[in-house]
Amino acid sequence: MNPGRLLMLPWMALSTMPRRVVAGLACAAVVLAVVACVLSFRPETAWALHAMHALVLFDILGWATVLSQSLLLAREAHQLRLPRLEREACASLCLYAVATVALPALLLNGLVGGTAATAMVELAFGAGIGMAYAALPPQWSLLIVLVPMASTGLAHGLALPGPGHRGFLAWAAPGTAALWLVLGWHCRRLIRDERATRGNRMPLLLRLRSALWYGRGGDGGGETRLVGQRSRWMQPGADLRGCGPGHPVRSLRLALGGWSMPQTPASRVRQAGLAVAALLFGALILLLSSSSPTDYASILSASGGGALLLFYLATTGPLLVITHMKTLQRRWNRPNAELPLLALLPGLGDAARRRRALLDAALRPTLGVQAVVLLAIALLAVHLRLAGHDLALLLLGQLAGMGMTCASGMAVMGGAWTQPWRATALMILGYLLINAGNTLASPLFDDHPGLHGPAATVVLAVLWASFLVPLLRLGLRGWRGLRRRPHPFLAN
Amino acid sequence: MNAMLDDTMQTRAVPLAAHGLSHGYEGRQVLRGVDLALAPGSVLGLIGRNGAGKSTLIRAMLGLLEPLAGSARVFGEPALTLSDDAKARLAYVPQQPEALAWLTARQMLDYLGRFYPRWDAAFAQRTLQRWKIAPDTLLARLSPGERQRVDLIRALASQPELLVLDEPAAALDPVARRELLREVALRAGESGTTVLFSTHIVSDLERVASEIAFLHEGRLLLRCGVDETKERYARLWLPARLSAAEVPASLSRRRHEDGSLSLVVECDTHGRWPEAASLPGARLDALGLEDLFVEIAE
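Residues numbered from 1 in each chain as written. Chains lettered and ligands numbered in written order. Predicted model: local features only at pLDDT ≥ 70, side-chain atom pairs only at ≥ 80, totals over all residues. Heavy atoms only, no water.

Trainee: Which residues make up the overall build of chain B, and what are the values?
Mentor: Secondary structure summary: chain B contains 10 helices and 14 strands in total. Based on the C-alpha atoms only, the size of chain B along its principal axes is roughly 70 × 55 × 40 Å. A total of 298 residues make up chain B; the buried ones form 54% of that total. A separation of at least 24 residues holds for 68% of the contacts in chain B among residues at least 6 apart in sequence. Carbon and sulfur atoms make up 49% of the accessible area of chain B, which totals about 13,600 Å². Each charge class in chain B can be summarised by its mean position, and for the 35 positive and 39 negative side chains these summaries are 3 Å apart. (Helix = DSSP H or I, 4+ residues; strand = E, 2+ residues; numbered from the N terminus. Buried < 20%, exposed > 50% of the residue type's maximum accessible area, 1.4 Å probe, protein only. Contact = heavy atoms within 4.5 Å. Areas by Shrake-Rupley, 256 points an atom, 1.4 Å probe, with all protein chains shown as cover. Lys, Arg positive; Asp, Glu negative; His and termini not counted. Charge placed at Lys NZ, Arg CZ, Asp CG, Glu CD.)

Okay, structure coming up:
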């Protein structure tokens, strides 16, 4: 076997665009790390520790995105009865294990000192986390990803020694070995037993395969497959009562699907239960990631809980834009699905009435929830006696989120989402700005007074303007497009 | 005044008509000035190779996309601004239907049935049973063939006057395909439903279509009755020594390695073949529908 070819295999298993994106991001990360090292150079800095953390992070990301592709290749080689390729793909994984775990550990040991065994265990753990995220069923992937976040609290709670302390290897080495044993057993099943990865057990690696190879638009049946694979109790139950020609808005909400479609009361209760479970899970992770009992007390106190809830609400409100936007994009990108049905459905009235009903059905549910979140934030902020500028920053974020809902919705429905990369970049900028504002305004993170000065205000104002002006233009283009269209159900 | 009224009445009587339709995607021309009209009660099979523009033509004729040029009318109304009345008389089944995957088959039929004034709920229920489709299963969990059948039931239950099917048999097994064709023939024969369906399964066309239209590279190359093809079109083979002679107008022409020439020719309105067919050494072969399709599309 040619080692060069073995090193290239996982890259060859990726399609061109993701390969370029991953390679570009990796190069950018390396350049940024070097620049950061040069700019913040101090002789007393613990370089070995920082380098180790960076390498662990690199291993997590590398194994989750690129190196796990060899597993996919091995699986397909097995299905296509190509034993040599299957062996090569497995050998490629082993070679990368040496290249990303053993080799850096020895190099680090040689260059800056420390224990090679500790470094090897940490790197192997990082690689295992990355691989587990890609290859295990998604329910397990989620838990695995949260392990590093919760590790501080867990280590504290269970009195386990950390990486620099004696006794670390005694628990970390067997733990990491166990993780890799489980992974090895699971990977073997993934390669050889197709039935083991069907339905809910399908790992992220397989779920993302179509998207990576064929792009988002090409995977037209993605949503249908997702709905089909969802457990019965997680599936929203449609409520047909009140739908019909006399009720175009409710009828359109049903036809557009997603979380905002009319649902039976039982279904609403189930969905609310899921949201509460997510909230409790987030709080649990925060508790686990805290390292001292005083942190627990602070989080569980009335003001700490209020601040936590405030931050949670402030970040969740704008998140709704993503689900809203994705739902509309799916509808307007598939010419064989709901659009022809709606375009030829009688009883929805003339073009102007249909447009009004559609805007109502598509935007009002999301805007309604965002408005409730905004009100809750305002009340909570008053209760917590937040400063005026903090409250303004929080409310500005929520209003911007509502603006994003309107602009993205109209851009999709009006056929103005013609440059998806630019529009998506705008939405990401908006989300980052909103969250930066939330972080600055939240009492949870009140230890950065320098960021409240006039310079910070000017920078923030410029950034907000660079986001709001293009957002307004996008929304206006969408609105004009929607008005110009002879009917609103034309695919993009 | 009377002539104008007659003209308007005539336009209104035509269930589906396209005039000079042109369309393209990303700089590639898909339709090139297509003219097509369906007479009431006719069953027109639209045939063509993959990528010939069949689905685009159907979508443009129904107002599901804005063509770059030309216009389409449904029951005399502009396709892009149809009234509720025209929509209630029309049913369309797209290729690989994917709509409303989050509903069960029963919910989908119940929901859509509320919008159609002549909805036949008993037919929908009966046919679901006959085609062995579990009514309470989510559409997302049905196989592609089952989903296509649910969509066909949806289309037929609305009792349309115009039925447009885009590759309706693509995902169906032979039994389901035959049942569908029987249903289409029955609707056309008994209720006078006008049907337009696209396919590349030639035997389906021969079974139900009264007319065929051949779309090739965005152009409508020929349109005639299914039974007429054998009498109207033939393959004219000219040996190498004759191939330099004046060649008649043809639907397709292919030169072989030995220099001989194969042409698909059409007889004139008096049933006469081009003069080249009577040259010594020339050969004229009658073409079945499938042979005609292959000769033109190859």
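Trainee: Outline the overall build of chain A, listing residues and values.
Mentor: Along the backbone of chain A there are 20 helices and zero strands. The 492 residues of chain A split such that 42% are buried. Taking all contacts inside chain A whose residues are at least 6 apart in sequence as the whole, residues at least 24 apart take part in 76%.

Trainee: Talk me through the confidence of the model for chain A; I want residue IDs and the actual numbers.
Mentor: Residues and elements named next belong to chain A. Predicted confidence across chain A gives a mean pLDDT of 80, with 83% of residues reaching 70 or more. Looking at the elements of chain A, mean pLDDT is at its lowest for helix α10 (residues 209–218), recorded as 52, and at its highest for helix α12 (residues 248–256), recorded as 93. Throughout residues 214–220 the model reports pLDDT below 50, and contacts reaching past four residues in sequence, or to other chains, amount to nine contacts. (pLDDT = per-residue confidence, 0-100.)

Trainee: Lay out the state of the cysteines with the relevant residues and their values.
Mentor: All names here are of chain B. With the rule as written, the count across this model stands at zero disulfides over all chains. Here C224 stays unpaired: no disulfide links it, and the sulfur of C267, its closest cysteine neighbor, is 10 Å away. The class for C224 is buried, based on a relative accessible area of 2%. (Disulfide = S-S within 2.5 Å.)

Trainee: Describe the interface of chain A and chain B, naming the residues involved and giving the relevant values.
Mentor: Each partner contributes residues to the interface: chain A has 44 residues there, and chain B has 36 residues. Taken as a group, N336(A), L344(A) and P346(A) account for 21% of the area that chain A buries against chain B, more than any other trio of residues on that side. Our count for the contact surface shared by chain A and chain B stands at two salt bridges. Of the charged contacts in the structure, one is a salt bridge between E66(B) and R484(A), with a shortest N-O distance of 3.6 Å. Inspection of the chain A/chain B interface yields 11 residue pairs in polar contact (both at pLDDT 80 or more). Elements supplying a minimum of two residues to the side of chain A that touches chain B: α11 (222–229), α12 and α16 (338–343) of chain A. Examining the composition of the side of chain A that touches chain B, we find that five residues originate from one element, α12(A), more than from any other. (Buried area = accessible area lost by both parts, 1.4 Å probe. Salt bridge = Lys/Arg side-chain N within 4 Å of Asp/Glu carboxyl O. Polar contact = N/O pair within 3.5 Å; in protein donor to acceptor, adjacent residues only side chain to side chain.)

Trainee: Give a detailed account of the sheet that holds strand β3 (residues 43–47) of chain B, specifying residues and quantitative values.
Mentor: Residues and elements named next belong to chain B. Taken in spatial order, the six strands of this open sheet run β6-β7-β8-β3-β9-β10, and their pairing is mixed. Pairing within the sheet leaves two strands with one partner each, and these edge strands are β6 (90–93) and β10 (219–225). Put simply, the sheet's adjacent strands are angled 15° from each other on average, direction ignored. Sheet topology places strand β7 (residues 162–166) next to strand β8 (residues 194–199); five bridges connect them, and they run parallel. (Pairing = 2+ DSSP bridges. Axes fitted to C-alpha atoms, helices over the stretch in contact; angles between N-to-C directions.)

Trainee: Break down the environment of R485(A) for me, citing the residues and quoting the values.
Mentor: Residue and element names in this part refer to chain A. You can see R485 is positioned in the segment after α20 (454–484). Residue classification places R485 among the buried residues on the basis of a relative accessible area of 9%. The contacts of R485, once residues within four sequence positions are left out, are W332, R355, M413, G414, G415, L490, A491 and N492.

Trainee: Please set out the pairing of strand β11 (residues 233–238) of chain B residue by residue, giving values where relevant.
Mentor: All names here are of chain B. The pairing of β11 with strand β13 (residues 261–266) spans six bridges and is antiparallel. Paired with A234 across the two strands is V265, which belongs to β13. Summarising the sheet, β11 and strand β14 (residues 283–286) pair through four bridges and their orientation is antiparallel. Its bridge partner lying in β14, A234 is registered against A286.

Trainee: Tell me what's going on with the sheet that holds strand β12 (residues 252–255) of chain B, and back it up with residues and numbers.
Mentor: All names here are of chain B. The four strands are arranged β12-β13-β11-β14 in an open sheet whose pairing can be described as antiparallel. Strands with a single pairing partner mark the edges of an open sheet, and in this sheet they are β12 and β14. When the angles between neighbouring strand axes are averaged without regard to direction, this sheet yields 25°.

Trainee: Run through helix α7 (residues 174–191) of chain B, naming residues and quoting values.
Mentor: Residues and elements named next belong to chain B. Under the 1.5 Å per step criterion, the end-to-end length of α7 is 25 Å for 18 residues, consistent within 8% with the ideal 26 Å. Among the residues of α7, those classed as buried are A176, E179, L180, L181, E183, V184, R187 and A188. Where α7 is buried, its residues contact β3, α5 (121–130), α6 (144–157), β7, β8 and α8 (202–208). N-cap assignment for α7: the residue whose side-chain oxygen lies 3.0 Å from the backbone N of V175 is D173. At the exit of α7 stands G192, carrying a positive phi of roughly 70°. (Expected span 1.5 Å × (residues − 1).)

Trainee: Go over the pattern of salt bridges with me, naming the residues and quoting the values.
Mentor: Applying the stated rule across the entire model yields 25 salt bridges over all chains. With its nearest N and O atoms 3.0 Å apart, the salt bridge here joins E211(B) to R223(B). One end of the pair, E211(B), is in strand β9 (residues 211–216); the other, R223(B), is in strand β10, with 12 residues separating them in the sequence. Connected through shared salt-bridge partners, R331(A), R334(A), E338(A) and E98(B) make up one network.

Trainee: For a nonpolar patch on the surface, give the residues involved together with the corresponding values.
Mentor: Residue and element names in this part refer to chain A. A cluster of nonpolar side chains, namely M17, V21 and L25, defines an oily patch on the protein surface of about 290 Å² accessible area. Residue position: V21 is located in helix α2 (residues 16–39). Note on V21: relative accessible area 38%, which makes it partly exposed. (Patch = residues over 30% accessible without salt bridge, like charges linked within 9 Å, V, L, I, M, F, W, Y side chains within 5 Å.)

Trainee: Residues and numbers for the packing of helix α4 (residues 105–113) of chain B against α6(B), please.
Mentor: Residues and elements named next belong to chain B. Interhelical geometry of α4 versus α6 gives an angle of 25° and a closest axis separation of 10 Å. Between α4 and α6, the angle falls in the class roughly parallel. Crossing angle aside, the handedness with which α4 passes α6 is right-handed. Across from A105, M108, L109 and L112 in α4, the residues of α6 making contact are V150, D151, I153 and R154. Considered class by class, the residues forming the contact of α4 with α6 number six nonpolar, no polar and two charged. (Parallel < 35°, antiparallel > 145°, perpendicular 65-115°, else oblique. Left-handed = near helix turned anticlockwise from the far one by under 90°. Nonpolar A, V, L, I, M, F, W, Y, C, P; charged D, E, K, R; others polar.)

Trainee: An account of the pairing of β12(B) is requested, with residue identities and associated values reported.
Mentor: Residue and element names in this part refer to chain B. Examined bridge by bridge, β12 and β13 share four bridges and lie antiparallel to one another. Across the sheet, R253 pairs through a bridge with L263, a residue of β13. With antiparallel pairing between neighbouring strands as the criterion, β12 and β13 make up a hairpin whose turn holds five residues, including G259 at a positive phi of roughly 95°.

Trainee: Could you give me a rundown of the side chain of D166(B), with the residues and numbers involved?
Mentor: Residues and elements named next belong to chain B. Structurally, the position occupied by D166 is in strand β7. K54 provides the closest opposite charge to the buried, salt-bridge-free D166, at an N-O distance of 6.8 Å. Beyond its immediate sequence surroundings of up to four residues, D166 is in contact with S55, I58, Y92, V93, P94, Q95 and S198.

Trainee: How would you summarise the packing of helix α4 (residues 69–79) of chain A against helix α8 (residues 168–192) of chain A if you had to cite specific residues and measurements?
Mentor: Residue and element names in this part refer to chain A. Put simply, α4 and α8 touch, their axes get as near as 7 Å, and they point 40° apart. Our classification of the angle between α4 and α8 gives oblique. The residues of α8 that touch α4, namely those facing L71, A74, R75 and H78, are C187, L190, I191 and R192. Looking at side-chain class alone, the contact of α4 with α8 contains five nonpolar, one polar and two charged residues.

Trainee: Just give me the short version of the confidence of the model for chain B, but keep the residues and values in it.
Mentor: All names here are of chain B. On average, chain B scores 85 in pLDDT, and the residues at 70 or more come to 94%. A low-confidence stretch, residues 1–10 (pLDDT under 50), is modelled with zero contacts involving residues beyond four sequence positions or located in other chains. Listed scores for the predicted complex are pTM 0.76 and ipTM 0.86.

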